Amino acid sequence: MIDMEERIMIENGTRLDGRRFDEVRPIKIEVGVLRNAVGSAYVEWGKNKVIAAAFGPREVHPRHQQSPIKAIVRCNYNMAAFSVPDRKRPGPDRRSSEISKVISDALTGQVFVERFPRTAVDVFVEVLEASAGTRCVALTASSLALADAGIPMRGLLVGCAAGKINGEVVLDLGKEEDNYGEADLPVGIEPMTGEISLMQMDGHFTREEFDKALGLITEASKGIHEMMIEALKRRYSEV
Amino acid sequence: MDTETGTRKKEIVVPGTVLNRDQPDLKAGFGTFREKDDVMAMIIGLKDVRSNYINVIPLSGRYIPQFKKNDLVIGVVEDTNPSSWMVDINSPYPGLLHVNDAPWRVNFGETQKYLDVGDVVLAKVESVNTIKKVMITMKERGLKKLDSGHVIEVVPTKVPRIIGKKGSMIALIKRFTDVRIFVGQNGRIWLQGELDRVELAERAIRMIERYAHMPGLTDEMERFLEAQGDHVPDFTDSEKRQYRGDPDRGPGDERAGSMGGSGTGPREEDIDSELEEGPIDGRSGQARSDEPGRKRQDGARTDAANRPATPGEEELNDDEIKELIDDIVSEYDE
């Protein structure tokens, strides 16, 4: 982000793709898309396309990872080779390991792990198309997949980001905004309680900007939460 | 909003939904948790208010054995030890079957003679401790090794619906298909009968699984089976009523009917003898000669997949069935 020439990404109060500052990209959610997974979800978020599959509780392999007092929640985030314009070299890398970890940790806080000692709850996230903010989409999809799998949870997690472009705090950065913006703040939040279970920051916010960004996320997450509930209900009300 | 719209259609709730907004006095029941004054759903399911408790009836999820439930389960032997078997009960936790809980007198180290890997058993959950160590038992009337028949798997949360209120649904299927059925709480269902009949029964069960949350399913099912039935006996209305409400069958003892295909298998007496305590080895070897013996002969081994039905099986006693069914609080309003 150093020495990056400034790009004009805001004109007349609208962003590159015509959105307002507090507007998220269009979201489409579908639950129960995979036959062989216990629970699954597909989320389209702008140009992002992410699919998540949940399994378990089930026996832990490798054995040494198991805990005698609680379940472990493991997430595996993977980007398809064709998910980005330049082919991504397949397989785990530093970035995907990090995202797997933060999502695992975020979900662990929501699942009633103490109810299933010595087991594992697994979530596999496949990013089919990536266009900024995939970890938030991945978290949202994972949370839905777990709910679909009937795993006891405290609530549904919504992943959403805010950032700073051209000195303005805006919600849900798009591809260019992410690449050329000044800051990015992905957050995982349970909108009903306001509990935050994931937060990372790239770049710099002032305190005021940070509060504003978090405020935008909190507001937006409620709407996304509604969509998630609606998608889950749809899955179980149609036969 | 669910209260007045009727008992028929229940509201679907998701994890984190507050359930006691309009009824703050209700207590947190199954599938819920309490957060300060709120009772919230922890699983996706149907909201159900019953005698001061708010429950969530699960719509998906795995079978988790519960302490003191005495669930009837169908297990597949995974491993043998000198004095016990590990049995897969379609749950995150395998069930341990100790020789003392087996219906035979087994010498130390000879467990494989009685049950080997891949064998299917009808068992009951005896205990589950705090770290979810599950003990199962076969030492009860009717519990036994399943030597023939078919085992299918369904979503465990749909099992109460497949059994029906007081066993009405399963009795209906048995009646119309002439198939002998055990429904395990763990989502495994054992079927035995003529192949096309078993197929019909499975189709019926799959239908229930699929339309589990629809109201009036029993009637729907009856219509379906009636449409299929070539050999459905004519019922008078009173007869229908009888079997519908009564798992202990209506007219014409159901067991007799379901034994039809199987003919001359061992009956009641054998169960009794099986349950008798500690006969000497030779005797037990003889009495159930067919168990380890037959296996060696034709290599027949029951596995979770389909295998042809062979005659000569015992059926769970009627009282047993009734007892099991009474254990199950029928989760759905019909």
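Quick look at the structure, then. (Residues numbered from 1 in each chain as written. Chains lettered and ligands numbered in written order. Predicted model: local features only at pLDDT ≥ 70, side-chain atom pairs only at ≥ 80, totals over all residues. Heavy atoms only, no water.)

1. Description of the packing of helix H3 (residues 168-177) of chain B against helix H5 (residues 217-228) of chain B
All names here are of chain B. What counts here: Angles shown run from 0 to 180 degrees and are taken between the N-to-C directions of axes, each axis being a line fitted to C-alpha atoms and, for helices, limited to the stretch in contact. Under the DSSP-based scheme used, a helix requires at least four consecutive residues in state H or I and a strand at least two consecutive residues in state E, with every element numbered from the N terminus. Comment on the angle field: the value is read as roughly parallel under 35 degrees, roughly antiparallel over 145, roughly perpendicular from 65 to 115, and oblique elsewhere. A contact between two residues is defined here by any heavy atoms of the two lying within 4.5 Å. Polar here means any residue other than Ala, Val, Leu, Ile, Met, Phe, Trp, Tyr, Cys and Pro, which are nonpolar, and Asp, Glu, Lys and Arg, which are charged; Gly is therefore polar.
Between H3 and H5, the shortest axis-to-axis distance is 10 Å and the interhelical angle comes to 5°. Here H5 runs roughly parallel to H3, going by the angle between their axes. Between H3 and H5, the contacting residues are Met169, Leu172, Ile173, Phe176 and Thr177 on the first element and Leu217, Thr218, Met221, Glu222, Leu225 and Glu226 on the second. Of the residues that constitute the contact of H3 with H5, the class distribution is seven nonpolar, two polar and two charged.

2. As for the sheet that holds strand S2 (residues 27-28) of chain B
Quick reminder of the rule: Two strands form a pair only when DSSP identifies at least two bridges running between them.
One open sheet accounts for four strands, arranged S1-S5-S6-S2 (chain B); its pairing is mixed. The sheet is open, and its two borders are formed by strand S1 (12-13) and S2 of chain B, each paired with just one other strand.

3. Describing the interface of chain B and chain A
Where we set the bar: The term buried area means the drop in 1.4 Å probe accessible area that two parts suffer when joined, counted for both and summed. In protein, a polar contact means a hydrogen-donor-capable atom and an acceptor-capable atom, both N or O and within 3.5 Å, with residues adjacent in sequence counting only if both atoms are side-chain atoms; elsewhere, any N or O pair within 3.5 Å suffices.
Counting residues at the interface gives 27 residues for chain B, matched by 28 residues for chain A. Between chain B and chain A, roughly 2,400 Å² of surface is buried when both sides are summed, and carbon and sulfur atoms account for 65% of that area. In terms of surface lost to chain A, no three residues of chain B exceed Ile12(B), Pro15(B) and Met42(B), which account for 21% of the buried area on that side. Along the contact surface separating chain B from chain A lie eight residue pairs in polar contact (both at pLDDT 80 or more). Here the side of chain B that touches chain A is built from residues that sort into 16 nonpolar, five polar and six charged.

4. As for H5(B)
All names here are of chain B. For the record, the criterion: Here the expected span of a helix is defined as 1.5 Å times the quantity of residues minus one. Note on classification: 1.4 Å probe, protein chains only; a residue is buried when its accessible area is under 20% of the maximum for its type, exposed when over 50%, partly exposed between these limits. Note that the arc is computed from the directions linking the helix axis to the C-beta atoms.
Spanning 12 residues, H5 covers 16 Å between terminal C-alpha atoms, matching the ideal 16 Å at 1.5 Å per step. Of the positions making up H5, those classed as buried are Leu217, Thr218, Met221, Glu222, Phe224 and Leu225. All buried residues of H5 fall inside an arc of 165° around its axis, so they share one side.

5. Some thoughts on a negative patch on the surface
To keep it simple, the criterion reads: Think of a patch as exposed residues, more than 30% relative accessible area, with no salt bridge, where like charges cluster within 9 Å and nonpolar side chains (Val, Leu, Ile, Met, Phe, Trp, Tyr) cluster within 5 Å. Per-residue and other accessible areas were derived by the Shrake-Rupley procedure at a 1.4 Å probe size, with only the shown protein chains allowed to occlude residues. A pairing counts as a salt bridge when a side-chain nitrogen of Lys or Arg comes within 4 Å of a carboxyl oxygen of Asp or Glu. Counting rule for charge: Lys and Arg are taken as positive, Asp and Glu as negative, and neither His nor the chain ends is counted. Where a charge sits is defined by one atom per residue type, namely NZ (Lys), CZ (Arg), CG (Asp) or CD (Glu).
A surface patch of negative charge is lined by Asp178(B), Glu194(B), Asp196(B) and Glu199(B). As for its placement among the helices and strands, Glu199(B) is situated in helix H4 (residues 195-210).

6. Re the packing of helix H2 (residues 134-148) of chain A against helix H4 (residues 207-237) of chain A
Residue and element names in this part refer to chain A. Which entries qualify depends on this criterion: In a left-handed crossing the near helix is turned counterclockwise from the far helix by less than a right angle, and in a right-handed crossing that turn is clockwise.
At a minimum axis distance of 11 Å, the contact between H2 and H4 shows a crossing angle of 35°. Between H2 and H4 lies a crossing whose hand is right-handed. Here H2 contributes Thr140, Ser143, Leu144, Ala147 and Asp148 to the contact with H4, which in turn contributes Met228, Leu232, Arg235 and Tyr236. By residue class, the composition of the contact of H2 with H4 is five nonpolar, two polar and two charged.

7. Things to note about the pattern of salt bridges
Taken as a whole, this structure holds 29 salt bridges over all chains when the rule is applied. Its salt-bridge partner being Arg15(A), residue Glu177(A) comes within 2.9 Å of it at the nearest N-O pair. Linking Glu177(A) in helix H3 (residues 175-180) with Arg15(A) in strand S2 (residues 14-15), this pair joins segments that are 162 residues apart in sequence. With relative accessibility at 2%, the residue Glu177(A) sits in the buried group. We classify Arg15(A) as buried; its relative accessible area is 3%. We note a salt bridge from Glu153(B) to Arg188(B), for which the minimum N-O separation is 2.9 Å.

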